[in-house]
Amino acid sequence: MKIVLSYGLGADSTAILLRWLTEPETRGFSLDDLIVITAQTGDEHVDTAILVEQHIYPLLAEHRIRTVQVARGGRYERDGIVVLDDTREPILCLTSGGPYTLADEMEQNATVPQSGNRAHSIKFKGWVIDQWIAANLGTDEPFVHVMGYEADELDRIQGDSDKGLPNRLPTYPLLSWSWDRDACEAFILSVLGVRWAKSCCVRCPFGYAQGSRDRTVLRLQRNPHQAVGALVMEYLAVAVNPRQGLLAGKQLYHLLASTPGSQDLLAMFEDRLDELPWAIYEVRRAFSAKRGDAMARGTTRRSLRRLVTGTRAEMVAEIARAAHLLGRRLDSDGRHYRVWARERNLLFPCVEQALVAAPALAHDKTHPTFDKAWQAGLLGPRQLALAL
Ligand code: SF4
């Protein structure tokens, strides 16, 4: 039976691999049957790739373990997946990903990855790996799918155990070994003599949680090109929705601006904003009420439309002119520029509508049920009755 290890490049799955290689009695299968697979989002920190190339790939090559790297082929499932590498002699960890990366997805949607919703993780990792397995191992013959969840991640294990392909037999070695993150890191340190950096996307909201934040900022300062990409994504998302930000609604920009050593990086970011094409977008949101509670927000439906494009200076001038002509205030914090045509109110359902200036990276997109939600949220007799 084939054993497929989802190799996320982090300490957890690295520890599993290393233990199997250094303590063969812990694995109970032949290495000929092992497949190590990584789904590349295109957004992994570059220092993780360096660690993998220096310490893990040489071991996999020495043991001639089949090592596969895959990525999404495009925005839609019909675009399939791309096999970036499939070899028993891996050398390069292809963290720049495939033709459609997590950064593309976030920029095209003018948003940031949401910590409360791992849909993007399934889209860029779980789904991609399932496609490769289905195409290469089939969907009939059982295979063992090894996941690197830590022993104390029981919720994730429970959530994972009945997911995926019908012939999947999920297994969680760290749970059977009672290894948590500290145990994994200590084991790697004892075998390789290195401290394993946390593996995650540069744009990952979990990388900015308290406890990881300082280390992530240091990584960004060392790799300013990756940091600039994350800042551009955040800038666009905040322009379209001021309540967004990579740090659970707060902005990475502000964190870096208040951290010594970030000045060059922020100057690069400003240069990048100057280089990009810009646009003025119309963004409309329709908010429903939670059932039975007009003070609580239910679902949000959005419509985003690009109206005009030009340089950054042209679009900032254009939106200031639009504010004047519409008799509205230009809403600006000195970095973002917005004109509110309609502002949301305290009661739901309600709507909001704004013109915003931002890099022309987002695509037009209107949720299929937006029009209905918009009509329901406009100020009408029902809303007036609630308010008066
Ligand atoms: S952003 Fe974070 S949660 Fe999302 S795929 Fe990347 S590492 Fe996983």
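Residues numbered from 1 in each chain as written. Predicted model: local features only at pLDDT ≥ 70, side-chain atom pairs only at ≥ 80, totals over all residues. Heavy atoms only, no water.

Caption draft 1: Looking closely at the overall build of the protein. The helix and strand tally for the protein stands at 14 helices and twelve strands. With the principal axes as the frame, the protein shows a C-alpha extent of 75 × 50 × 35 Å. Within the protein, residue pairs in contact and separated by at least 24 positions form 70% of the contacts whose partners lie at least 6 positions apart. Summing over all exposed atoms, the protein offers an accessible surface of approximately 18,400 Å²; the carbon and sulfur share of this is 52%. The positive charge centre, built from 46 side chains, and the negative charge centre, built from 47, are 8 Å apart in the protein. (Helix = DSSP H or I, 4+ residues; strand = E, 2+ residues; numbered from the N terminus. Contact = heavy atoms within 4.5 Å. Areas by Shrake-Rupley, 256 points an atom, 1.4 Å probe, with all protein chains shown as cover. Lys, Arg positive; Asp, Glu negative; His and termini not counted. Charge placed at Lys NZ, Arg CZ, Asp CG, Glu CD.)

Caption draft 2: Spotlight on the domain arrangement of the protein. Taken domain by domain, the protein comprises domain 1 (3-192), domain 2 (205-275) and domain 3 (278-387). For domain 2 and domain 3, the distance between their C-alpha centroids amounts to 25 Å. With 16 residues of domain 2 at the interface, the matching set in domain 3 holds 20 residues. With both sides pooled, the region where domain 2 packs onto domain 3 buries about 1,500 Å², and carbon together with sulfur makes up 53% of that total. When the area that domain 2 buries against domain 3 is broken down by residue, the three leading residues are Tyr235, Leu236 and Val240, summing to 41%. (Domains from an automatic or database assignment. Buried area = accessible area lost by both parts, 1.4 Å probe.)

Caption draft 3: Spotlight on the site of the ligand. Near the ligand, the surroundings consist of Leu102, His120, Ser121, Lys125, Cys200, Cys201, Cys204 and Phe206. No other element matches the three residues that helix H4 (residues 119-137) contributes to the shell around the ligand. (Near = heavy atom within 4 Å.)

Caption draft 4: The arrangement of the packing of aromatic side chains in detail. Applying the stated criterion to the full structure yields ten aromatic pairs. A centroid spacing of 5.0 Å and a plane angle of 65° characterise the contact between Trp177 and Trp179, whose relative ring orientation is edge-to-face. The same class applies to Trp177 and to Trp179, which are both buried. The rings of Tyr235, Tyr253, Phe269 and Trp278 are connected pair by pair, giving a single aromatic cluster. One residue, Arg19, lies across the ring of Trp177, its end atom 4.6 Å from the ring centre. Against the face of Phe124 rests Arg72, its NZ or CZ located 5.9 Å from the ring centre. (Phe/Tyr/Trp six-rings, centres within 6.5 Å; stacked < 30°, edge-to-face > 60°. Buried < 20%, exposed > 50% of the residue type's maximum accessible area, 1.4 Å probe, protein only. Lys NZ or Arg CZ within 6 Å of the ring centre and 35° of its normal.)

Caption draft 5: Structural context of the pattern of salt bridges. Taken as a whole, this structure holds 21 salt bridges when the rule is applied. Close ionic contact of Lys2 with Asp33 constitutes a salt bridge, the shortest N to O distance being 3.6 Å. On the criterion of sequence distance, the pair formed by Lys2 in the segment before strand E1 (3-6) and Asp33 in the loop between helix H1 (11-22) and strand E2 (34-39) is long-range, its members being 31 residues apart. Look at Lys2 and you get partly exposed, because its relative accessible area is 34%. (Salt bridge = Lys/Arg side-chain N within 4 Å of Asp/Glu carboxyl O.)

Caption draft 6: Summary view of the packing of helix H3 (residues 102-109) against H4. Running from amino to carboxyl end, H3 crosses H4 at an angle of 140°, the nearest separation of the two axes being 11 Å. Taken together, H3 and H4 sit at an angle that is classed as oblique. Crossing geometry of H3 relative to H4 is assigned as right-handed. Here Leu102, Glu105 and Met106 of H3 lie close against H4, whose contacting residues are His120, Lys123 and Phe124. Split by residue class, the contact of H3 with H4 holds three nonpolar, one polar and two charged. (Axes fitted to C-alpha atoms, helices over the stretch in contact; angles between N-to-C directions. Parallel < 35°, antiparallel > 145°, perpendicular 65-115°, else oblique. Left-handed = near helix turned anticlockwise from the far one by under 90°. Nonpolar A, V, L, I, M, F, W, Y, C, P; charged D, E, K, R; others polar.)

Caption draft 7: Structural context of the sheet that holds strand E11 (residues 350-359). Strand order in the open sheet formed by six strands is E9-E10-E11-E7-E8-E12, with antiparallel pairing between adjacent strands. In the strand order of this sheet, the two ends are held by strand E9 (330-332) and strand E12 (365-366), each with one partner. Bridge analysis of strand E10 (residues 337-342) against E11 gives five bridges, and the strand direction is antiparallel. Bridge assignment links Trp340 to a residue of E11, and that residue is Ala354. (Pairing = 2+ DSSP bridges.)

Caption draft 8: Fine view of helix H13 (residues 370-377). Residues of H13 that are buried include every one of Phe370, Trp374 and Gly377, and no others. With its buried residues spanning 70° around the axis, H13 presents them on a single face. Those residues of H13 that are exposed and aimed more than 90 degrees away from the buried face are Asp371, Lys372 and Gln375. On its buried face, H13 sits against strand E7 (278-290), strand E8 (293-310), E10, E11, E12 and helix H14 (381-387). (Arc of directions from axis to C-beta.)

Caption draft 9: How the structure looks around the nonpolar core. In this structure, Leu231, Leu246, Leu252 and Phe269 are the most contacted members of the largest nonpolar core, which totals 41 residues. Per element, the largest residue contribution to this core is eight residues, and it comes from helix H9 (residues 224-240). Those residues in contact with Phe269 that sit more than four places away from it in its chain are Val228, Leu231, Val232, Tyr235, Tyr253 and Arg335. Counting 34 residues, the second largest nonpolar core, distinct from the first, contains Ile3, Val36, Leu51 and Cys184. (Core = buried A, V, L, I, M, F, W, Y, C linked by side-chain atoms within 4.5 Å.)

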